[in-house]
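Report on the structure
Here is how the chains run, residue by residue.
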Amino acid sequence: MKEILLVARQELWINLRRPGYILMTLLIPAMGVVVLLIGAAFGGEVGTFLESQFAPNQKGIGYVDQSGLFGPPLPHYQGYFTPYPDEASARAALLAEQIDSYFLLPADYLQTGQVVFYSTGGGFSTFAAADSEEIRSFLVEQLLAGKVDPAVQNRVRAPMDIRAVTLNASGEVRTENPFSWIGDFVVPYIFSILFIVTLFTTSGFLLQSVSEEKEGRIIEILLSSINPTQLLAGKILGLGAVGLIQVLVWFGAGAALLIAAVALFALSGVINLSLGTVALGLVYFILGYLLYATLFAVAGSMGTTQRESQQIAGIFSLAAALPWMVIGFIFTNPDLPIAVAMSYIPLTAPVMMLIRLGFGQVPAGQIALSLALLAVSIALSLWAGAKVFRTGLLMYGKRPGLKDLIQAFKQA
């Protein structure tokens, strides 16, 4: 144990002084401070500025009614929706940039519901504009104007004013404001982002350390006084402490910034943080980090050069980032079969489960099974990794082959 702690202390001391580590650790809190200061200094002017930069400069929408069902636009639509007697005049107005787009209502519109939309933008923006809520509201109100009661017309236009109610396990109504879910969404989401960032920084240091020591033949001196398993455990423990320090700095700064934001912008009670969610995020972060630290150390021992080791480690990095490649599907369905399956696979479970926790309730059984599989995989990776680590460290000029790895596993 003494040798493991000695290696861990050395790794911790070396990596805490790396300029890249210091810069990455301080950069994220510094960005938060800058955002907070800008918000405090300019207040509502920031929102006005962003709106002016990103809000589209809309000239209006034209329409050609060949169905005869639509009269002049209602008063609150005048100035934005402009009727044209024929398609030629509407197209001329569009090409002259007098309007942003126009749509054509054919003679059989009432039977088919078909609407032809024209614009000059192209791409996704055309389809988004054609399916806009404002055009739907315009068509509904124009069709019902003078035919149904105004109250019914307004309700058809906006049929729902949703008030969400959440029940606890005993069936009682939970009292929460509309934004109280933000805390439980943001915490796992941030943990997943920080996991990827930390993985590519501090675990990368572990890969670099092992490959440099092997390439420079320093490893021979180390192995004369310590066995490979102790060396691997010490490096993982030291780099784990480096990653944990980084995360603690980030979350400490985040907590301080949150307190400052509450004081400055009167956000008290708006964002609630669940201790259970924070605890789960921390557990997945630590277990995932231990797994990947072991794999990165093994990758460092298998390559003949640092570049070759990085190529081997790239396979594991791809697995860690894989959940982010399917996040678009998780937005609509966090319980998608592929998402549930990736919650059980040890290489993708840390990030995938953190993402799913941010989008809704995950069954306790799934969380327990995911954590159990992750813990078992860490134990197996440490056992197998130590054997591969020992074999890879003592081979120079070539990577360990399949026969070498089989022989390593056969040894006691």
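Quick note: structure is the one above.
For clarity, every value in this text was computed on a predicted model and none was experimentally measured.

Reading guide: rules and limits
- Residues numbered from 1 in each chain as written.
- Predicted model: local features only at pLDDT ≥ 70, side-chain atom pairs only at ≥ 80, totals over all residues.
- Heavy atoms only, no water.
- Pairing = 2+ DSSP bridges.
- Helix = DSSP H or I, 4+ residues; strand = E, 2+ residues; numbered from the N terminus.
- Axes fitted to C-alpha atoms, helices over the stretch in contact; angles between N-to-C directions.
- Buried < 20%, exposed > 50% of the residue type's maximum accessible area, 1.4 Å probe, protein only.
- Parallel < 35°, antiparallel > 145°, perpendicular 65-115°, else oblique.
- Left-handed = near helix turned anticlockwise from the far one by under 90°.
- Contact = heavy atoms within 4.5 Å.
- Nonpolar A, V, L, I, M, F, W, Y, C, P; charged D, E, K, R; others polar.
- Core = buried A, V, L, I, M, F, W, Y, C linked by side-chain atoms within 4.5 Å.
- Salt bridge = Lys/Arg side-chain N within 4 Å of Asp/Glu carboxyl O.

1. Structural notes on the sheet that holds strand β1 (residues 61-65)
Taken together, the 4 strands give an open sheet; going across it, the order is β2-β1-β3-β4, and neighbouring strands pair in mixed fashion. Strands with a single pairing partner mark the edges of an open sheet, and in this sheet they are β2 (81-83) and β4 (116-119). Between one strand axis and the next, the sheet turns by 25 degrees as a mean value, whatever way the strands run. In terms of strand pairing, β1 meets β2 through 3 bridges, oriented parallel.

2. Observations regarding the pairing of β1
In terms of residue burial, β1 counts as a mostly covered element, since 4 of its 5 residues are buried. Bridging between β1 and strand β3 (residues 101-105) involves 5 bridges; their strand directions are parallel. Of the residues in β3, the one forming a bridge with I61 is S101.

3. A short note on the packing of helix α15 (residues 337-344) against helix α16 (residues 349-359)
Packing of α15 against α16 leaves a shortest axis separation of 7 Å and a crossing angle of 130 degrees. What the angle tells us is that α15 and α16 run oblique. In this structure, the crossing between α15 and α16 has a hand that is left-handed. Two secondary-structure elements touch here, α15 through A339, V340, M342 and S343 and α16 through A349, M352, M353 and R356. Here the residues of the contact of α15 with α16 sort into 6 nonpolar, 1 polar and 1 charged.

4. Let's talk about α16
Most of α16 sits out of view: 10 of its 11 residues are buried. Among all positions in α16, only A349, P350, V351, M352, M353, L354, I355, R356, L357 and G358 are buried.

5. Some words on the nonpolar core
A general trend in soluble globular proteins is that nonpolar side chains are found buried together. Within the largest apolar cluster, 46 residues are counted, with the highest numbers of intra-cluster contacts made by F195 and Y292. Secondary-structure elements contributing two or more residues to this core are α9 (181-215), α11 (228-265), α12 (275-302), α13 (306-325), α14 (327-332), α15, α16 and α17 (364-393). A per-element tally of this core places α12 first, with 11 residues. Those residues in contact with F195, other than ones at most four positions away along the chain, are F285, G288, Y289, Y292, P350 and V351.

6. Section: the pattern of salt bridges
As enumerated under the stated definition, the model contains 2 salt bridges in all. For E87, the salt bridge is made with R91, and the minimal N-O distance between the two is 2.9 Å. Taken together, the residues span about one helical turn, with E87 and R91 both in helix α4 (residues 87-95) at a distance of 4 residues. Owing to a relative accessible area of 22%, E87 belongs among the partly exposed residues under this scheme. Taking the relative accessible area as the measure of exposure, R91 reaches 39% and is therefore partly exposed. A salt bridge links R356 to D335, with the shortest nitrogen-to-oxygen separation between them at 2.9 Å. With R356 in helix α16 and D335 in the loop between α14 and α15, this pair connects stretches of sequence that are 21 residues apart.

Treat this as a map of the structure, not an account of what it does.
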